[in-house]
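Topology and contacts: notes
What follows is each chain in one-letter form.
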Amino acid sequence: VAFRQERWVSPRTDIPYGTLDLIVLKTLDAMGPLHGYGIARRIEQVFQGTLELNQGTIYPALLRLEQRGWIASDWGASDNNRRARFYRITAAGRKQFVAEAKQWARTVATVNRLLEDES
Amino acid sequence: MSALRELWSRVLSMVGATRRDDTLTEELQHHLELLTQEYRAKGLPDAEARAAARQSLGNEWHTQEAYRRQSRLPSIDSLITDVRFAVRRLRRDLGTTLSAVILLTLGVTASLLTGDVLDRLLLRPPAAVGTPERAKRLYVAFDHDSPGALVTNYATVDGLATGAAGAFESVACYMTQSAGLGRGRDARQLSVVAYSTSYFDVLSLKPALGTLPLGSAGAAPDAAVISYGLWQRAFGGDSGAIGKPLRLGANVFTIRAVTPKGFAGIDDDPTDAWVPLAAIAEARLGPTWRMAPSYFMLRVVSRLRPGIQDTAAESLASTAYRAGTQPDFSDGKKHTAWIVLGELPAARQPGGTREIRVAMWIAAVAGLVMLIACGNVGNLLLARGLRHAAELALKTSFGATRLRLMREILIEAALLAGAAGVASLLLVLWLSTAAGKLLLPPAVVAEGVLSPRLLILACGISILATLLLGVVPAFRLTSVRILNPAHAFQNRASWAMDVFTGLQVALSVPPVIAALLFASSLWHAKQVNFGLQTTNVSVLSMNADELGSAVKSHDAHRRAAERLALLYEVQGVSLVQTVPMRGVYATMFQIAGPHTEPGRSIPYVNGVDPSYFNVMGMHFVAGHNFTNADNVKGGNPVMVINEAFAKAYWPGQNPLGHCAVVGTTNKACAVVVGVVADTSMWPWLEFAHHSEPSYFVPVEQYGDLNPQRAILVRTTTLSETTLPMLRRQVQSSGPSLPYIDVWSFDDVFQPSLRPLRLGAQLFVVLGALGVVIACAGLATVTGYAVTRRTRELGIRAALGASTRDLVFGTVAQSLAAVAIGLVVGTICAYGSSHWLKTLLFEMDPAIPILYVAVALLLLGMASLSAFVPARRAGQLNPVEALRQE
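Read on for a plain summary of the structure. Throughout, residues of each chain are indexed from 1 in the direction in which the sequence is written. Chain labels run from A onward and ligand labels from 1 onward, assigned in the order the entries are written. Residue-level local features of this predicted model are given only where pLDDT is at least 70; pairs of side-chain atoms are given and counted only at 80 or more, and the full residue set underlies all totals for whole chains, interfaces and linings. By convention in this description, side-chain values take in all heavy atoms of the structure and omit both hydrogens and water.

**Focus on the overall build of chain B**
Secondary structure elements follow DSSP: runs of H or I no shorter than four residues count as helices, runs of E no shorter than two count as strands, and numbering proceeds from the N terminus. The secondary structure content of chain B amounts to 28 helices and 23 strands. Dimensions of chain B, computed from the C-alpha atoms along their principal axes, are close to 135 × 75 × 55 Å. Here chain B holds 885 residues, and the buried ones make up 52% of them. Within chain B, contacts between residues at least 6 apart in sequence are counted, and of these 80% link residues at least 24 apart. Think of it in three bands: with a 1.4 Å probe and only protein chains considered, a residue is buried below 20% of the maximum accessible area for its type, exposed above 50%, and partly exposed in between. The criterion used for residue contact is that any of the two residues' heavy atoms lie within 4.5 Å.

Right, dumping it as structure tokens:
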């Protein structure tokens, strides 16, 4: 396939490819600052077992989002009084979330149309 | 923006990689603990809870690897994947790829070639010279004039060396001359430098063989140095050449060293041999030559002391120079002299020669041509990208980031530019010698082509081309609008393509204008009447020193002239003392009887035979020519003068019949028998109508005035074979003759015409290249527009739109872009035209009609290239067009 890329080689999640960003942004937007475990927990809660999340995979995603300026992180103390890194959504991240949500809707529509055309 | 931001933080993360890894480990550890707690809370025993937590978190190594990959710059293997993909895509569309590479190659070659020429001319340090930044050539500027080469006598050089010893480690002087090597058919002419002591200290060369005469101690009175080239040619590279005699003309020197390979001297023409100045000067001027004020032919070079700044050295040297005797000025006023230091090669005169300035303009225009080519290929990439917009949109749907897509497009651009770069490099290596001959002094050409600098330049230009042609498509094709999946399945136009088209047309205006300006300037310059008919005239001469004596030289030249006259192709032959426009000669002169004394400068004299005026196409305005009977020893003392002479000495009178005593030995008064029309004294365009009082006497009678001789030959035609034929004819008159210098008379105009001819030729090539590339680009854009809108056009055709409407509708947008481009380009060209003024000949470059004409011409050509592919739109069959998806 022409558009095979490095990220396809990375450990697979069963989350549709490219939507993890969207899910993380949505989570942080709704829940406020969370550490990695908190985010993973929340995602599993929302999907309630319909989706198997390899929890480690959220860390590269968090780094990517931070690199793009959509989320930011600070070190703080967690519930068990351990040092933990808390992630929060930025203003740019909120904007991006809105754009990506629309994009997602369009993608679904496009692929649906494609499937209908093919059949 | 966010894509750039990501790239930037990836770049930043190159430092501090360990800290980042530690952070992740800590986060994962924390995550694991919380997970374990969670499982424990669900009631799992300790060990099982820990195992379950590990399973939920996934393979830690994978996570860390993915994290690292995200934090680093994209890895090499993904780059290779992208390159492979780009190669596949380029191969799929081989036609477009090939035309893109060809167009780019044209543009890149133009830039690389001119860039290389400028580098060799102006930037590359002189070959083989040690610490070249300290080796300097001395120039002199008077008041606020631009500096010219310092050409002076030995006393002045000596004064500079002692007066500015604080700044200079060594000061040396030299003069160039040509000398014959060998006799008869093997005779060759060498370019010889007569060097003073310290000359080789200034140059600081590492000899290929032998020991260079350094300092005053090393300067043996007969020490000759030969060039690597001469060593190969004359001695076959034999190391036994050291110590062998070198016979140059009447002098014999001993070879002491061979200069390093690649060193061709520091003058415009490659130097073959170096001989001591003392030997040459003493033979000519006697032992007191060092004091002779008239020995005004020495050029000065120096080596700065370490750490001395140019400005400090210049002020010291200026003071030292002003302390000595300075040249007289014709206006009789005192002028303040400033010594200016320049780089060692004579071609790098501070302020630049006219030729250098033309070369810089050519390089700038070559850059424009490259821009046009890049714009064009950028357009091709855009057009193809837009055709495949659906593919890009799908990739985005599957998570490809914008950065990723941009990288793909840039890699494709880089592959195209790289291929063009390699092709250009090969082309440049092939063309370089020819281009060098056109644009560079011969000595620079002799240094050779291949240098790492050319490779670096090629890489730099390829990278620049990649960015120029790739950046706009990369941004345009990955923009949100294009990638919007809802629209991805439509074909679309892009304003960027029209901008590119307009830009290409705008950029092709200046080269075309420059080509026309230079061509008409050259035409103007060629029309200049110097008063002599020089076409088909050749000049032959032999070195008097090598012939033994002035009398022997005269006889040899006369015999040669007689032999030449026998040739069928020869219409006229004349034996002269001075070649007109090549030099002047003056001697003691005393007019008998009433006359006006014009104040300054004695008139110039030339000893000629009666055929001279005919051979050079001069015409008599009064009186008559002298006869063959006059042109013998002891004949009637007669002279022919020019109009300027008559005007200066006998204003308002008939000069015929007046007489003057010429020279010191001939006491008889020479009677004026004829007056010829004025001719130009020098081949400079600016002084074409400037004549000075001159007179002509029979060469046989006045042979002792001047030992120099030359033969002027007028032939029916002057082709490539003429000069060798003339040389052979003279050679056959004596087997032991020294080297016979033969050249076409019109060569004297070369220095004046060269910059104009250079500009005319190269701007025409570059202008044509620019226009062709721009028009080809326009045809592509229009062709794409027709393909893209086939369906729409089909519908319109079905609804009854006329062919004309369809065709015009297709080209309207492109032609609007062309028109805007033309207006902008023409205005810019007009606005910047005054910079060319000093390079043109008697021409104001701001001729509005020329700009309008060029704009209209380009508009016509652009319309043609747009309409040809657009005709397809008019010929569409509605039924078939509608069937296309």
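**Observations concerning the overall build of chain A**
Broken down by element type, chain A carries five helices and three strands. Counting from the amino terminus, helix and strand elements in chain A follow one another as α-α-β-α-α-β-β-α. Restricting the contact set of chain A to residue pairs at least 6 apart, pairs at least 24 apart contribute 50%. When the accessible surface of chain A is totalled, it reaches about 6,300 Å², and 52% of it is carbon and sulfur. Using a 1.4 Å probe, accessible areas were evaluated by the Shrake-Rupley method; residue-level cover was limited to the displayed protein chains.

**Some thoughts on the state of the cysteines**
All names here are of chain B. Put simply, a disulfide is two cysteine sulfurs that come within 2.5 Å. Summed over all chains, the structure comprises one disulfide over all chains. Residue C659 pairs covalently with C669 via a disulfide, S to S 1.9 Å. Torsion about the S-S bond of the C659 and C669 cystine: about 100°, corresponding to right-handed handedness. Taken together, the positions of C659 in strand β19 (residues 659-662) and C669 in strand β20 (residues 669-676) put the pair ten residues apart, joining distant regions of the chain. When its relative accessible area of 21% is taken as the criterion, C669 is described as partly exposed. For C775, which is in no disulfide, the shortest distance to another cysteine sulfur is to C374 and amounts to 18 Å.

**Side note on the environment of B:Q55**
Summarising the element assignment, B:Q55 is placed in helix α3 (residues 46-57). Spatially, the C-alpha atom of B:Q55 lies 9.9 Å from that of B:L32, the residues being 23 residues apart in sequence.

**Things to note about the interface of chain B and chain A**
Counting residues at the interface gives 42 residues for chain B, matched by 40 residues for chain A. What counts as buried area is the accessible surface, traced by a 1.4 Å probe, that two parts surrender upon association, with contributions from both included. With both sides pooled, the region where chain B packs onto chain A buries about 4,100 Å², and carbon together with sulfur makes up 56% of that total. Polar contact is defined as a pair of N or O atoms within 3.5 Å, subject to the rule that within protein one atom must be able to donate a hydrogen and the other to accept it, and that residues adjacent in sequence are counted only when both atoms are side-chain atoms. Our count for the chain B to chain A interface comes out at eleven residue pairs in polar contact (both at pLDDT 80 or more). When contributions to the side of chain B that touches chain A are tallied by element, the ones reaching two or more residues are α1 (2-12), α2 (17-41), α3, α4 (60-71), α5 (76-92) and α13 (389-397) of chain B. Sorting elements by how many residues they give to the side of chain B that touches chain A places α2(B) first, with twelve residues. Residues are grouped as follows: Ala, Val, Leu, Ile, Met, Phe, Trp, Tyr, Cys and Pro are nonpolar; Asp, Glu, Lys and Arg are charged; all remaining types, including Gly, are polar. For the side of chain B that touches chain A, the per-class residue count stands at 13 nonpolar, 19 polar and ten charged.

**Regarding unusual backbone geometry**
All names here are of chain B. Although it is not a glycine, T131 adopts a positive phi angle of roughly 30°. Assignment of secondary structure puts T131 in the loop between α6 (94-123) and β1 (135-142). Positioned with a positive phi, N536 is a non-glycine residue whose angle comes to about 70°. Among the structural elements, N536 can be located in the loop between α18 (495-527) and β13 (537-542).

**Remarks on the nonpolar core**
Residue and element names in this part refer to chain B. Here, nonpolar core means buried Ala, Val, Leu, Ile, Met, Phe, Trp, Tyr and Cys residues that are tied together by side-chain atoms lying within 4.5 Å of each other. Residues F518, Y612, F613, M616, L712 and F745 are the most contacted members of the largest nonpolar core, which totals 114 residues. Ranked by the residues each element gives to this core, the list is headed by helix α12 (residues 354-387), at 16 residues. Those residues within four positions of Y612 in sequence are excluded, and the remaining contacts are S574, V576, P580, N606, M618, F696 and L712.

**Topic: the packing of helix α3 (residues 36-47) of chain A against helix α4 (residues 58-67) of chain A**
Residues and elements named next belong to chain A. Following both chains from N to C, one finds α3 and α4 inclined at 110°, their axes separated by 11 Å at the closest point. Regarding the angle of α3 to α4, the classification is roughly perpendicular. Between α3 and α4 lies a crossing whose hand is right-handed. Note on element contacts: α4 touches α3 through I58, Y59 and L62, opposite G36, Y37, I39 and A40. Here the contact of α3 with α4 is built from residues that sort into six nonpolar, one polar and no charged. Convention adopted: a line fitted to C-alpha atoms gives each axis, helices being fitted over their contacting stretch, and angles between N-to-C directions are expressed from 0 to 180 degrees. Here the word oblique covers every angle except those under 35 degrees (roughly parallel), over 145 (roughly antiparallel) and from 65 to 115 (roughly perpendicular). Less than a right angle of anticlockwise turn of the near helix away from the far helix marks a crossing as left-handed, whereas a clockwise turn marks it as right-handed.

**Some points on the side chain of A:T90**
Residues and elements named next belong to chain A. Within the secondary structure layout, T90 lies in the loop between β3 (83-89) and α5 (91-118). Among the polar contacts listed, one links the side chain of T90 to the backbone oxygen of G69, at a separation of 2.8 Å. Those residues in contact with T90 that sit more than four places away from it in its chain are G69, W70, I71 and A72.

**Topic: empty space enclosed by the protein**
All names here are of chain B. Definitions used for this entry: grid spacing 1 Å over protein atoms alone; cavity, a set of points where a 1.4 Å probe fits but cannot get out; pocket, an open set with protein on both sides within 12 Å along at least 5 of 7 lines; lining residue, one with an atom within 4 Å of a point. Grid points are joined across faces, edges and corners, and a volume is the space filled by probe spheres set on the points. Taken as a whole and judged by the stated rule, the model has nine cavities of 30 Å³ or more. Of the voids in this model, the largest cavity is the one considered here, and its volume is about 210 Å³. P580, Y612, M681, S694 and F696 are, among the 19 residues lining the largest cavity, the residues nearest its centre. Among the elements of the structure, β16 (604-608) and β21 (694-698) are those that each provide at least two residues to the lining of the largest cavity. Grouping the constituent residues of the lining of the largest cavity by class yields twelve nonpolar, seven polar and no charged.

**Section: the packing of helix α16 (residues 452-477) of chain B against α18(B)**
Two quantities define a packed helix pair, namely the angle between the helix axes and the distance between the axes. Residues and elements named next belong to chain B. Their axes nearest at 10 Å, the elements α16 and α18 cross at an angle of 160°. As summarised for this structure, α16 and α18 are arranged roughly antiparallel, according to the angle between their axes. Like other packed secondary-structure pairs, α16 and α18 cross with a definite hand, here right-handed. Contacts between α16 and α18 involve V472, P473 and R476 from the former and W495, A496 and F500 from the latter. The residue inventory of the contact of α16 with α18, partitioned by class, reads five nonpolar, no polar and one charged.

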